[in-house]
Amino acid sequence: MDELYSNIKKFRQERNLKQSDLAELMGYTSGPMITKVEKGEVDLSYSRICKFAEILGVSVPELTGYAGSDFIRRINNLPKEGIDYMLDQLDYAEFKFNKNTDNEPKEK
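The sections below set out a description of the structure shown in this document.

Rules used throughout
- Residues numbered from 1 in each chain as written.
- Predicted model: local features only at pLDDT ≥ 70, side-chain atom pairs only at ≥ 80, totals over all residues.
- Heavy atoms only, no water.
- Phe/Tyr/Trp six-rings, centres within 6.5 Å; stacked < 30°, edge-to-face > 60°.
- Helix = DSSP H or I, 4+ residues; strand = E, 2+ residues; numbered from the N terminus.
- Buried < 20%, exposed > 50% of the residue type's maximum accessible area, 1.4 Å probe, protein only.

**So, the packing of aromatic side chains**
Then comes step 1: Counting across every chain of the model gives 1 aromatic pair.
Then comes step 2: Considering the side-chain rings of Tyr-28 and Phe-52, the 6.4 Å spacing of their centres and the 45° angle between planes classify their relative orientation as tilted. Taken as a pair, Tyr-28 in the loop between α2 (19-26) and α3 (32-38) and Phe-52 in helix α4 (residues 46-56) lie far apart in primary sequence, 24 residues in all.
Then comes step 3: By relative accessible area, which is 15% here, Tyr-28 ends up buried.
Then comes step 4: With a relative accessible area of 0%, Phe-52 lands in the buried category.

Given below as structure tokens:
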């Protein structure tokens, strides 16, 4: 998970965002919070990781460093119906098992 924090810094810098800019976009009150995040001093919830990924314009696997994993390759090789099914299952698993997120099951 250490790669997550260094990737936040890397993608922020690639997008020419100052720490204060990213802090504002994330809803933090100050830039020093981003310093703590980039140093790995903050334990991020899944919903926060998703928000960082969205703001930085990358996928969660790319942000966390798992983009090259076999799991991601296998998901990407599925037809659209298979990907939709896996996303539904992931939504359910997040709702059921991860109490630290803002996610709720999506209505179809």
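**Concerning unusual backbone geometry**
Then comes step 1: One non-glycine residue with positive phi stands out, namely Asn-16, at about 55°.
Then comes step 2: In this fold, Asn-16 is placed in the loop between α1 (2-14) and α2.
Then comes step 3: Residue classification places Asn-16 among the exposed positions, given a relative accessible area of 69%.

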